Amino acid sequence: MKHRHEFEDWARPHEGVMPNRAYYIPFAPGQDPVQAMRESSERFVLLNGTWQMQLYDKISAVPEEFCQPEFDASGYPPMPVPSCWQTQGLDQNQYSNVRYPIPFDPPFVPHQNPCGAYRTHFTVDAAMLSQQVYLNFEGVDSFFYVWVNGHRVGYSQVSHSTSEFDVTPYLVEGENLLAVLVMKWSVGTYLECQDKFRMSGIFRDVYLLVRPRQHIRDFGVRTWGRENYTRAVIQVGVEWNGGEGELEWELYDPQGSLVCRGEAATEFTIHLEEPHFWTAETPELYQLLLRTEEEVICQPVGVRDITTKGRQVLLNGKPLRLKGVNRHDSDPVTGFTISYEQALKDLALMKQHNVNAIRSSHYPNAPWFVQMCDRYGFYMIDEADIECHGVTELFGGGDETTFGLIAQWKEFEPLILDRVQRCIIRDKNSPAVIIWSLGNESGHGPGFEKAGIWGRDYDPTRLMHYEGSWHQTGGHINDTSMFDLYSRMYNEPAFVRQWLANSANTKPFLLVEYCHAMGNGPGDLEDYEKLFLEEPGVLGGFVWEWCDHAVDGGVTADGRRKFLYGGDSGEFPHDINFCVDGLVSPDRIPHTGLKELKNVWRPVRAYLNDGEIQLRSTLDFADVSQLAEYRWELQLDGVVVEQGRGELPAISARQTACMPLPCGLPQQPGRVDLRLVYLARTDGDFVKAGDELGFDQLTLRQSEKQELRLQPAALAVEEDDEEIRVSGENFAYVLDRFTGCFKSLVWNGAERLAGPMGFNVWRAPTDNDRKIRRVWEQAGYDRAQVRVADCQVLAEEGTAIRCELVFAASIRQPFLRCTAVWRIGADGTIALKLEGKRDEVFPFLPRFGVRMMLPAGFEQLDYTGYGPQESYLDKKNACWFGHFAGTVSDEYVDTIKPQEHGSHVGCEQMRLRCADAALWAAGDQPFSFRASHYPQELLTSTAHNFELKKSDEVELCLDYKNSGIGSNSCGPVLADEYALKETEFRMQLFFGFAAVTTE
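Heads up: these notes are all about the structure in this document. What you see is a predicted model, and the numbers here were worked out from it, not measured in a lab.

### Topic: the overall build of the chain
Point 1. Along its length, the chain carries eleven helices and 58 strands.
Point 2. Against the globule reference of 30 Å for 999 residues, the chain gives a C-alpha radius of gyration of 32 Å, in line with a compact fold.
Point 3. When its C-alpha atoms are laid out on the principal axes, the chain stretches across 105 × 65 × 55 Å.
Point 4. Evaluated residue by residue, the chain yields a buried proportion of 62% over its 999 residues.
Point 5. When contacts within the chain are restricted to residue pairs at least 6 apart in sequence, long-range pairs at least 24 apart make up 72% of them.

### What to know about the sheet that holds strand S37 (residues 628-636)
Point 1. Judged by pairing direction, the sheet is antiparallel, and its four strands sit side by side in the order S38-S37-S40-S41 without closing on themselves. The open sheet terminates on both sides in strands that have one partner only, identified here as strand S38 (639-646) and strand S41 (692-701). Each strand axis lies, on average, 20° off the axis of its neighbour in the sheet, ignoring direction.

### Describing the packing of aromatic side chains
Point 1. All told, the structure shown has 57 aromatic pairs when counted by the stated rule.
Point 2. Relative to Trp-499, the ring of Tyr-486 lies with its centre 4.7 Å away and its plane at 5°, an arrangement referred to as stacked. Taken together, the residues Tyr-486 in strand S30 (residues 486-489) and Trp-499 in helix H6 (residues 493-501) connect sequence positions 13 residues apart. Accessibility classification places Tyr-486 together with Trp-499 in one group, the buried group.
Point 3. Taken together, Phe-731, Tyr-733, Phe-742, Phe-759, Tyr-781, Phe-807, Phe-815, Trp-822, Phe-842, Phe-848, Tyr-960 and Phe-985 form an aromatic cluster joined through their ring pairs.
Point 4. The ring of Tyr-24 has Arg-21 sitting right over it, with the charged end atom 4.5 Å from the ring centre.

### Things to note about the environment of Lys-598
Point 1. The topology assignment puts Lys-598 in helix H8 (residues 592-600).
Point 2. Sequence separation between Lys-598 and Ile-416 is 182 residues; the distance between their C-alpha atoms is 37 Å.
Point 3. If near-sequence neighbours (up to four positions away) are discounted, Lys-598 is found in contact with Gln-352, His-353, Asn-354, Glu-692 and Leu-693.

### Observations regarding the side chain of Asp-673
Point 1. Relative to the assigned elements, Asp-673 resides in strand S40 (residues 672-680).
Point 2. The buried category is assigned to Asp-673, whose relative accessible area is 0%.
Point 3. Engagement of the side chain of Asp-673 in a polar contact is seen with the side chain of Thr-699, the distance being 2.8 Å.
Point 4. Once residues lying within four places of it in the same chain are set aside, the contact partners of Asp-673 are Glu-633, Leu-634, Gln-635, Gln-697, Leu-698, Thr-699, Leu-700 and Phe-881.

### A short note on the sheet that holds strand S29 (residues 463-465)
Point 1. Judged by pairing direction, the sheet is parallel, and its eight strands sit side by side in the order S29-S28-S27-S26-S25-S32-S31-S30 without closing on themselves. Edge positions in the sheet fall to S29 and S30, since each has one partner strand and no second. Neighbouring strand axes in the sheet, compared pairwise and without regard to direction, differ in orientation by 25° on average.
Point 2. Across four bridges, strand S31 (residues 509-514) lies against strand S32 (residues 538-543) in parallel orientation. By the bridge assignment for S32, Phe-509 is matched with Val-538.
Point 3. Contacts between helix H3 (residues 367-376) and the sheet are confined to strand S25 (322-327), strand S26 (357-360), strand S27 (379-383) and strand S28 (433-437), with S27 contributing the most and set at about 160° to the helix.

### With respect to the nonpolar core
Point 1. In this structure, Phe-66, Leu-181, Leu-320, Leu-322, Leu-347, Tyr-379 and Val-543 are the most contacted members of the largest nonpolar core, which totals 127 residues.
Point 2. The element contributing the most residues to this core is H3, with six residues.
Point 3. Among the nonpolar cores identified, the runner-up in size contains 74 residues, and Phe-731, Ile-830, Phe-842 and Phe-991 belong to it.

### Some details on a negative patch on the surface
Point 1. Side chains of Glu-244, Glu-246, Glu-248 and Glu-263 sit close together on the surface and give a patch of like negative charge.
Point 2. Positionally, Glu-248 belongs in strand S17 (residues 247-252).
Point 3. Residue Glu-248 is classed as partly exposed on the basis of its relative accessible area of 42%.

### A few points about H6
Point 1. Within the span of H6, buried status applies to Pro-493, Val-496, Trp-499 and Leu-500. End-on, the buried residues of H6 take up no more than an arc of 125°, which puts them together on one face. Of the residues in H6, the exposed ones pointing more than 90 degrees away from the buried face are Ala-494, Gln-498 and Ala-501.
Point 2. If you follow the buried residues of H6, they end up packed against S30, S31, helix H7 (525-534) and S32.

### Overview of the state of the cysteines
Point 1. One pass over the full model with this rule turns up zero disulfides.
Point 2. Cysteine Cys-803 shares no disulfide, and the gap to the nearest cysteine sulfur, in Cys-791, comes to 3.5 Å.
Point 3. For Cys-803, a relative accessible area of 0% puts it in the buried group.
Point 4. With no disulfide of its own, Cys-914 lies 19 Å from the sulfur of Cys-957, the closest cysteine sulfur.
Point 5. For Cys-914, a relative accessible area of 15% corresponds to the buried category.

### Observations regarding the pairing of strand S56 (residues 917-932)
Point 1. Extensive coverage of S56 is indicated by the burial of 13 of its 16 residues.
Point 2. Sheet topology note: the strand S55 (residues 904-913)/S56 ladder contains seven bridges and is antiparallel. Paired with Cys-907 across the two strands is Phe-927, which belongs to S56.
Point 3. Linking S55 to S56, which pair antiparallel, is a turn of three residues.
Point 4. Bridging between S56 and strand S57 (residues 954-962) involves five bridges; their strand directions are antiparallel. Each bridged residue has a counterpart across the sheet, and for Ala-931 the counterpart in S57 is Leu-956.

### Observations regarding the pattern of salt bridges
Point 1. Applying the stated rule across the entire model yields 65 salt bridges.
Point 2. The residue Arg-605 makes a salt bridge to Glu-526 at a minimum N-O spacing of 2.9 Å. With Arg-605 in strand S35 (residues 604-609) and Glu-526 in helix H7, this pair connects stretches of sequence that are 79 residues apart.
Point 3. The class for Glu-526 is buried, based on a relative accessible area of 13%.
Point 4. Among the ionic pairs, Glu-647 bridges to Arg-681, the shortest N-O distance being 2.4 Å.

### Details of the environment of Tyr-155
Point 1. Within the secondary structure layout, Tyr-155 lies in strand S9 (residues 151-157).
Point 2. Once you skip the residues sitting within four places of it in the chain, Tyr-155 turns out to touch Glu-6, Arg-12, Pro-13, His-14, Glu-15, Val-17, Phe-143, Phe-144, Tyr-145 and Phe-165.
Point 3. At a separation of 2.9 Å, a polar atom in the side chain of Tyr-155 contacts the main-chain carbonyl oxygen of Arg-12.

### Examining the environment of Asn-962
Point 1. Within the fold, Asn-962 resides in strand S57.
Point 2. For Asn-962, a relative accessible area of 1% gives the class buried.
Point 3. Sequence-wise, Asn-962 and Gln-626 are 336 residues apart; in three dimensions their C-alpha atoms are separated by 41 Å.
Point 4. Setting aside anything within four residues of it in sequence, one finds Asn-962 in contact with Arg-763, Pro-846, Arg-847, Tyr-872, Leu-873, Glu-900, Ser-903 and Ser-928.
Point 5. Side chain to side chain, Asn-962 and Arg-763 meet in a polar contact 2.8 Å long.
Point 6. At 3.3 Å, the side chain of Asn-962 forms a polar contact with the side chain of Glu-900.

### Points about unusual backbone geometry
Point 1. For the peptide bond that leads from Pro-106 to Pro-107, omega is 5°, which places it in the cis range.
Point 2. If you trace the backbone, Pro-107 turns up in the loop between strand S4 (95-96) and strand S5 (115-124).
Point 3. Along the chain, Ser-361 connects to His-362 via a cis peptide bond; the corresponding omega equals -10°.
Point 4. One non-glycine residue, Asp-91, lies in the positive phi region at around 60°.
Point 5. Topologically, Asp-91 is positioned in the loop between strand S3 (78-81) and S4.
Point 6. One non-glycine residue with positive phi stands out, namely Tyr-229, at about 65°.
Point 7. Looking at the secondary structure, you find Tyr-229 in the loop between strand S15 (215-226) and strand S16 (231-241).

### Some points on the side chain of Glu-138
Point 1. Topologically, Glu-138 is positioned in the loop between strand S6 (132-137) and strand S7 (140-141).
Point 2. Take Glu-138: its relative accessible area is 0%, and that puts it in the buried class.
Point 3. Within the structure, Glu-138 has its side chain in polar contact with the side chain of Arg-38 (distance 2.9 Å).
Point 4. Reaching out from Glu-138, the side chain makes a polar contact with the side chain of Tyr-207 at a distance of 2.9 Å.
Point 5. When near neighbours in sequence (up to four residues on either side) are disregarded, Glu-138 contacts Tyr-23, Arg-38, Ser-159, His-160, Ser-161, Thr-162, Arg-204, Asp-205, Tyr-207, Pro-367 and Trp-368.

Procedures and definitions
As a convention, each chain's residues are numbered from 1 in the sequence order in which they are written. Given that the model is predicted, a residue must reach a pLDDT of at least 70 before its local features are reported, and side-chain atom pairs must reach 80 or more before they are shown or counted; all residues, however, enter totals for whole chains, interfaces and linings. Processing note: side-chain calculations cover all non-hydrogen atoms of the structure and skip hydrogens and water entirely. Here a strand is any run of E in DSSP of at least two residues, a helix any run of H or I of at least four, and the numbering for each starts at the N terminus. The globule rule used for comparison is 2.2 Å times the number of residues to the exponent 0.38, while the radius of gyration itself is calculated over C-alpha atoms. Residue burial is assigned from relative accessible area. The probe radius is 1.4 Å, only protein chains are included, and a residue is buried under 20% of its type maximum, exposed over 50%, and partly exposed in between. Contacts are assigned to residue pairs with any non-hydrogen atoms lying within 4.5 Å of each other. Two strands make a pair as long as DSSP finds a minimum of two bridges between them. In this analysis, axes come from line fits to C-alpha atoms, helices being fitted only over the stretch in contact, and the angle between any two N-to-C directions falls in the range 0 to 180 degrees. Side-chain rings of Phe, Tyr and Trp, where Trp is taken by its six-membered ring, are said to pair if the distance between their centres is within 6.5 Å; with planes under 30 degrees apart they count as stacked, over 60 as edge-to-face, and otherwise as tilted. Two limits define a charge over a ring: the Lys NZ or Arg CZ must be within 6 Å of the ring centre, and within 35 degrees of the ring normal. Contacts described as polar in this section are N or O atom pairs within 3.5 Å, which, within protein, must combine one atom able to donate a hydrogen with one able to accept it, while residues neighboring in sequence count only if both atoms come from side chains. Only buried residues count toward a nonpolar core. Its members are Ala, Val, Leu, Ile, Met, Phe, Trp, Tyr and Cys residues joined through side-chain atoms within 4.5 Å. Patch members must show over 30% relative accessible area and no salt bridge, and they are joined within 9 Å when carrying like charges or within 5 Å when they are nonpolar side chains of Val, Leu, Ile, Met, Phe, Trp or Tyr. The Shrake-Rupley method, run with a 1.4 Å probe sphere, supplies the accessible areas, and residue values consider only the shown protein chains as cover. Only one rule defines a salt bridge in this text: a Lys or Arg side-chain nitrogen within 4 Å of an Asp or Glu carboxyl oxygen. Neither His nor the chain termini are counted; the positive set is Lys and Arg, and the negative set is Asp and Glu. Charged groups are reduced to one reference atom each: NZ for lysine, CZ for arginine, CG for aspartic acid, CD for glutamic acid. This arc corresponds to the set of directions leading from the helix axis out to the C-beta atoms. Any two cysteine sulfur atoms within 2.5 Å of one another count as a disulfide.

Honestly, that's just the spatial picture; any functional story needs more than this.
See below:
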């Protein structure tokens, strides 16, 4: 094909494309458009299906005549549309976060620019030829040319926005040819550097709209509350194609009753008495019908308005709080071709986990997805298809120097404005959209300021934000006057509080990204939630992110699913598994982080207050008592001894109420906890009556501290230069003088260790340890050696052994010195007392404790502590204190990249059983433990979960402390209170063996 380089022309991003308009699907007279899917409209002709497509490595290799009806395309393979061609085995999968996958030389792209030549046929009858026919593409990455019957119709770009062409002049009765040439790279690529797999092709729906010659081209619906929200106004403006026309309109309330009707030409206003207001908690929609002689259009209308008052954002006059997630279109099999059913699964999981808001990161979603959010009740930040953070990777560049390069590049200004306009105009009638976003991580400059001014003028009814507006680079003085919010990413709570303390900062604060949910994480959800609950000037935030990105790699021989991330396809550049950072797996299995988030965002919180229960609503509009009831469980030392159900008192939004305890305290001594489990009262779209909405656990009485004691005994002790051997009636233990730990524990005639015990400071790094891991490895924690400076049997206590321990790694000086005293009782119980001093020049420790490998068979587990899922110091809100039982195999928590998992904190005791014996452990203070068939060395070194080989042996870690999780893969460093930063610490741990009895 002759060299056409419009895809490198930033002066003309589109040709032959219709002006932007709101999304809607017209229906024919006599059809009911209210309940019908768009596919049932007689005006809608879906062109999805199996097309033909040949992938060429460059445009010059494409036959000039490929778009002609007479071209022999018999050799073109079939290609499903919509789809991404990488998911069909063509080209190469590539994951890149920040770095551009092409040289940075705008507006030019490489000559070797893969392009897909698509062809399909469709039929047109005589009735269609007498009308106006529009061809719509809802998403093509990244640039495409269009021909109909060999006639060039035009071209377009902006991957995630609708492009509409008038193809009426090119149609013939009977069979018609549609040819499309899709370019992988274009000038638009510089504006689409989103953190995701880079995929190409016609990935969203393609369809025809058959319209009368005179029709409604565009319309806008705006709503406001009036008179303290006892009334409301709906204002509608209409733009016609082919001259001004007349229409009839009807408005139906959310129950389907006719409210009013009228006639109009270009605009009309509806006044409502006692209106139903739309919120995410109460997503009630009116239905507005616009009727002409030849068409009817149905527009769902959510009556709502959104404003700011000081630092507060008000929806319908009441303070609003966003409990949001960032969501990409992502599926391991279909890429970012997403069906209605796939999207519905996402929304169902979100509702079931108390999510109320979605940020369309970092591009507009399919228009029907926005309507789903209207219908099911989600607030949306609708984001323009712009991300340019690749400029920070330029040689000599960076966040402080080149971040604003494209934002300040004059030739890019029309392209930035175009993308903002396409987003706003398309979705302007959606009540779910409450905030417009100009894009993501693109620095700041005149391009965004001009787009922001246009957006503010075009739609003053919504809020506008742009997180990049605080980045000031290139000598440009930022104008942020058009933005309603001050939005940031990943700031720690202390920063937000400090910002709010400055009275000069007058805008509401929004965290558009926070709590990076990568791998085992996030660990700081509750800390942010406390900030949101305490500071009315914070609108809330959006957790990064909803779903792990990965591509399907098939299954292993033993049936395990293989998910692949950056680098697994041999691509360059790539960013490894940084895309595997979601609250759910690629196939939508919730991670423990999502369960944590669900309870952090529970609709009501309970506190003890002078012998009563104080309840605080975290809802913004609904009365909690209309939404939920509760089940209560009274626990004694972690075991449920009494339970029942109750009704919540009336609690208005954001208010508190008190209720008495539903039960008395048991007379038996011990720790007493009351767990309140909040249950849905009625069925909803995704939550059914009786489903759990969250819980609280209140400690009514602490357990009395019980001193653990050994049974004194005169045991046989033998020692030499290498070992100390201690034996009693049914045990024989051997301590290694060179490690300071036992290397053999024979109890009841059998060896109970599969390898020597050892002191342990390492853990398999989590994804959120990715930054501190480098420091840990520099300190040598991953290769730490223990030197026993002194080891002796204490003469005055014949069963005690004291070891002086020094922890250090090659190259480095000692980072920890400990005194360990081992005492052994008559029944073989071992007490370990440890006192340690850490050199504060070193970083905090991953963990500290002892580790032992147990033989196969130690499978049955029970413990009293925080469960039933994994728990850490800063990640235990989905857990409660109780007594739990299961298996070691159940303790495995799957992540695509293996890492530390399965810890339990706040434990008073634990036990592992095999056929004839049980290993138990207890402490004089709460400890943490981890029991696993996957040792930490294996988890550290293995790249993918499907490569893990399960061991029959059991690794048991008994820890003084296991540092928290945090979200430092992208967020702030781990808070001091969760890190093992103590310069001095002590622990006393008891463990031993007991015969297994039939229970």
